[in-house]
Amino acid sequence: MKKWAFVSDFDGTISLQDFYWIIIEKYYAEGREWYKRWKSGKLQDIEFLSHIFRSINQPEATIREDIRQIPLDEHATAFIKNVQYQGGDFYILSAGTDYYIKELITYSGLSHINVFSNKGYFNNNNIHLDVASDNWHYSKRYGIDKAIVLKHIKEKYDYVFYYGDSEPDSHPAKYADKTFAREALISILEELDIPHVPVDTFKDVEQHLIQEGWLNNEKKN
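Residues numbered from 1 in each chain as written. Predicted model: local features only at pLDDT ≥ 70, side-chain atom pairs only at ≥ 80, totals over all residues. Heavy atoms only, no water.

As annotated in an unreviewed UniProt entry, the protein chain carries the name MtnX-like HAD-IB family phosphatase and comes from Salipaludibacillus agaradhaerens.

Trainee: How should I be thinking about unusual backbone geometry in this particular structure?
Mentor: Trans peptide bonds make up most of the peptide bonds, and negative phi angles are found at most residues other than glycine. The phi dihedral of His112 is positive, around 55°, even though this residue is not glycine. Secondary-structure assignment places His112 in the loop between α6 (98-107) and β3 (114-123). You can call His112 exposed: its relative accessible area is 72%. Even without glycine at this site, Glu183 takes up a positive phi of about 50°. (Helix = DSSP H or I, 4+ residues; strand = E, 2+ residues; numbered from the N terminus. Buried < 20%, exposed > 50% of the residue type's maximum accessible area, 1.4 Å probe, protein only.)

Trainee: What is the right way to read the nonpolar core from this model?
Mentor: Nonpolar side chains in soluble globular proteins tend to be buried together. Within the largest apolar cluster, 50 residues are counted, with the highest numbers of intra-cluster contacts made by Phe6 and Leu209. Considering every element that reaches this core, the biggest residue donor is helix α1 (residues 19-26), with six residues. Residues in contact with Phe6, not counting those within four places in the same chain, are Phe79, Val83, Asp89, Phe90, Tyr91, Phe161, Tyr163, Phe180, Phe202, Val205 and Leu209. Formed by 15 residues, the second largest nonpolar core is a distinct cluster that contains Ala95, Tyr142, Leu150 and Ile153. (Core = buried A, V, L, I, M, F, W, Y, C linked by side-chain atoms within 4.5 Å. Contact = heavy atoms within 4.5 Å.)

Trainee: What is the right way to read helix α3 (residues 45-53) from this model?
Mentor: The α-helix winds at 3.6 residues per turn, so residues separated by three or four positions along the chain end up facing the same way. Within α3, eight of the nine residues are buried, leaving the element largely enclosed by the surrounding structure. The set of residues buried in α3 consists of Asp45, Ile46, Phe48, Leu49, Ser50, His51, Ile52 and Phe53.

Trainee: Please clarify how the pairing of β3 should be interpreted in this entry.
Mentor: Each regular strand shows side chains that alternate between the opposite faces of the sheet. Pairing of strand β2 (residues 89-97) with β3 involves four bridges; the strand directions are parallel. Paired with Ile92 across the bridge in β3 is Val115. Regarding the hand of the β-α-β motif, the stretch spanning β2, α6 and β3 is right-handed. Counted along the chain from β3 to the antiparallel partner strand β4 (residues 126-130), the turn is two residues long, and its residue Asn124 has a positive phi close to 50°. (Pairing = 2+ DSSP bridges. Right-handed = clockwise from strand over helix to strand, strands pointing away.)

This is the structure we're talking about:
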């Protein structure tokens, strides 16, 4: 079997709801106006997220509990373990922040997952992003350049899969050997004429990988 890896977006792909929406709905209703400004092009992605994450104003224990309640694709954990059991490496590539991603995957009992995301830390009852312009994968718009990271990962493997759900995922999709797309990413990739496999869930992705011989039905307990 070739040396291979599966790279996945987090918000809206592994998780079923973007963490910033959880914050807006629970603690920062004004964030809806910031969302409109972002979507109208008046804010960069990283500007919007940085502002929302600095507007929680809750103790860290509360924030960690909110993170642990983020809904996940019900088959995501089993899929990740199956990929690892069958000899693949699993990566998370997110334009959010590793602060909540690492908290949630640890809580979900997942291990040996490399996370590429914007560095985040807790301070003064909020989450702050540490985005350095001299970072090798820096992006002015997203904080992290997903295309650069995907190309970096590809240097180590014979074959790399990618899975995402929205516009930032269209950039690494150009370089993956095969891309799985859900939600808005499907129409975006169609418009860009980038090859992809439309799916709804990790269960759908798993079935494709089983059919192609990358995975089988044997699961690690």
